[in-house]
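# Working through the structure, step by step
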Amino acid sequence: MTRKQRQIKEREQLFLQVARKLLIEQGYAGLSMDQLAEATEYSKGTVYQHFSTKEDLVTALAIESMERRVELFLRAEQFVGRSRERLAAIGVADEIFSRLEPHHYHSEFIIKLANLRERASAERREALDRLESACFGTVLRIVQSGVDAGELRPTVDSRELVYSVITMALGTHMTALHYCPMLKEFEIQDPVKVLMKGIHTLLDGFDWKPLSGEWNYEVSRQRVLSEIFAPEQASLGLN
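Residues numbered from 1 in each chain as written. Predicted model: local features only at pLDDT ≥ 70, side-chain atom pairs only at ≥ 80, totals over all residues. Heavy atoms only, no water.

### Remarks on the overall build of the chain
For clarity, the threshold we go by: Working definition: helices are DSSP H or I runs of at least four residues, strands are E runs of at least two. Numbering for both runs from the N terminus. Any two residues whose heavy atoms approach within 4.5 Å are treated as being in contact. Each accessible area is a Shrake-Rupley estimate made with a 1.4 Å probe; only the visible protein chains count as cover when residues are assessed.
A count of helical and extended segments in the chain gives 12 helices and zero strands. In the chain, 72% of the contacts between residues at least 6 apart in sequence involve partners at least 24 apart. About 12,600 Å² of surface is accessible on the chain, with carbon and sulfur atoms providing 52% of the total.

This is how it looks when you write it as C-alpha cells:
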C-alpha cells in the first residue's frame, strides 16, 4: 500500500476500535457518529468518508469480528478425527473466540440483535454475507462428512442440525461465560462443561455416532486444544 492508503487504513482501524468500545459501554442506541468523531478528534465528515451510516459502521464492526471467528473455525475444521469430534472442535473454537476476544463477542451479539444490515453499504453487506456463509460452511461440511462416513443418518436435516448447535453454542457462551447470574445461583463451576454436555445430548438425539456414552469427548477436546489451539490454550490457561 502507499503511505496514504496505510494512513486511511490505520484511521479506519482507530474508528472501529473506539466505536466498539462505545458500543459495549453504551449500547447501540448510545453510539453515534458525532460521539465517534469527538472521541477520535476527527471531524464528522472524516468519519463519513469511511462509513456511510451508523449502520454501515456497526456492520464493519461485525465484519471485523466475523473475520476472526472464521479464522478460528477454519483452523478447527482441520482437526483430524471422527466427524463428531471435528464438530466439537468448532465448539472449542467458539469458546476460544469468546474468551480471547470478549469485546468482539459482546459487540457481535449486540449487532445481531439489532439487525442493522439493511442500511449498511452493499459492499459491507456482501462481505458480511460471505463471512457468515464461510462460518456456517465449516459446520455444514463437517455434518456432511458425518453422513459420508456413515456416522450420521442421511435423513437428518443438516441445516436444522447446524442451526440448533450454533444457536445453542453462541447464546450459551455469551451468557454463561460473561453475563449469566444463574452461574452463582445454581453453583455451576464449569459452564463450558455444562454447555458441552447439553450439545452432546442434542447430538445423541440426532443419533450422531459415536454417541456420548460410547466415546470420551473430553479426551477429544484436549486433543483439539493441544493439536490445533496450543498458543491460545497457553495464553488463556485452558485445560
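### Quick look at unusual backbone geometry
The test is simple: Burial classification: accessible surface area is computed with a 1.4 Å probe over protein chains only, and a residue below 20% of its type maximum counts as buried, one above 50% as exposed, and the rest as partly exposed.
Residue Lys209 is joined to Pro210 through a cis peptide bond whose omega torsion reads -10°. Along the chain, Pro210 falls in the loop between helix H10 (191-205) and helix H11 (217-227). The backbone phi angle of Glu41 is positive, close to 65°, even though this residue is not glycine. Tracing the chain through its elements places Glu41 in the loop between helix H2 (33-40) and helix H3 (44-50). With a phi angle near 60°, Asp207 is a residue other than glycine that sits in the positive phi range. With respect to the helices and strands, Asp207 occurs in the loop between H10 and H11. A residue is classified by how much of its surface remains accessible, and Asp207, at 27% relative accessible area, is partly exposed.

### Some words on H10
As a reminder of what qualifies: In this scheme, a helix's expected span is set at 1.5 Å multiplied by one less than its residue total. Directions from the helix axis toward the C-beta atoms define the arc.
The terminal C-alpha atoms of H10, which comprises 15 residues, lie 21 Å apart, in line with the 21 Å expected from a rise of 1.5 Å per residue. Turning to H10, its buried residues are Pro191, Val192, Leu195, Met196, Ile199, His200 and Leu203. Along H10, the residues classed as buried sweep out an arc of 170° about the axis, all on the same side. Exposed residues on H10 whose side chains face more than 90 degrees from its buried face are Lys193, Lys197, Thr201 and Gly205. A positive phi of about 60° marks Asp207, the residue just after H10.

### Let's talk about the packing of aromatic side chains
Here is the rule we go by: Here the aromatic set is Phe, Tyr and Trp, taking the six-membered ring for Trp, and pairing holds for ring centres within 6.5 Å; pairs whose planes are under 30 degrees apart are stacked, those over 60 apart are edge-to-face, and all others are tilted.
According to the stated counting rule, one finds three aromatic pairs in the structure shown. Ring centres of Phe15 and Tyr42 lie 5.4 Å apart, and the angle between their planes is 80°; this geometry places the pair in the edge-to-face category. Here the residue Phe15 occupies a position in helix H1 (residues 3-30), and Tyr42 occupies one in the loop between H2 and H3, the gap between them amounting to 27 residues. Judged by its relative accessible area of 33%, Tyr42 is partly exposed. The interplanar angle of 45° and the centroid separation of 6.4 Å between the aromatic rings of Trp215 and Tyr217 together place this pair among those described as tilted. The class of Trp215 is partly exposed, set by a relative accessible area of 30%. By the ring-pair criterion, three or more aromatic residues cluster together here, those being Phe15, Tyr42 and Phe51.

### Considerations on the pattern of salt bridges
When the charged atoms of two side chains lie near each other, side chains of opposite charge can form a pair. Note the cut-off: The working definition used for a salt bridge is a side-chain nitrogen of Lys or Arg within 4 Å of a carboxyl oxygen of Asp or Glu.
Evaluation of the coordinates by the stated rule reveals 18 salt bridges. In this structure, Glu12 and Arg124 form a salt bridge, with 3.5 Å as the shortest nitrogen-oxygen distance. Here Glu12, found in helix H1, pairs with Arg124, found in helix H7 (residues 122-148); they are 112 residues apart in sequence, far enough to count as distant. Residue Glu12 is classed as partly exposed on the basis of its relative accessible area, which comes to 22%. Ionic contacts of the salt-bridge type, sharing partners, join the residues Glu12, Asp56 and Arg124 into one network.

### Describing the nonpolar core
Note the cut-off: Definition used in this section: a nonpolar core is a set of buried Ala, Val, Leu, Ile, Met, Phe, Trp, Tyr and Cys residues joined via side-chain atoms within 4.5 Å.
Counting residues in hydrophobic clusters, the biggest one holds 58 residues, and the most contacted among them are Phe51, Leu57, Leu161, Trp208 and Phe229. Broken down by element, this core gets its largest block of residues, 11 residues, from helix H4 (residues 54-77). With residues up to four places along the chain from it excluded, the contact list for Leu161 reads Val143, Leu152, Val156, Leu203, Phe206 and Trp208.

### Let's talk about H7
For an α-helix the count is 3.6 residues per turn, leaving residues at separations of three or four pointing the same way. Given a rise of 1.5 Å per residue, 27 residues ought to cover 39 Å, and the 37 Å separating the end C-alpha atoms of H7 matches this to within 8%. Within H7, burial applies to Arg124, Ala127, Leu128, Leu131, Glu132, Cys135, Gly137, Thr138, Val139, Ile142, Val143 and Gly146. Of the residues trailing H7, Gly150 is marked for its positive phi of about 75°.

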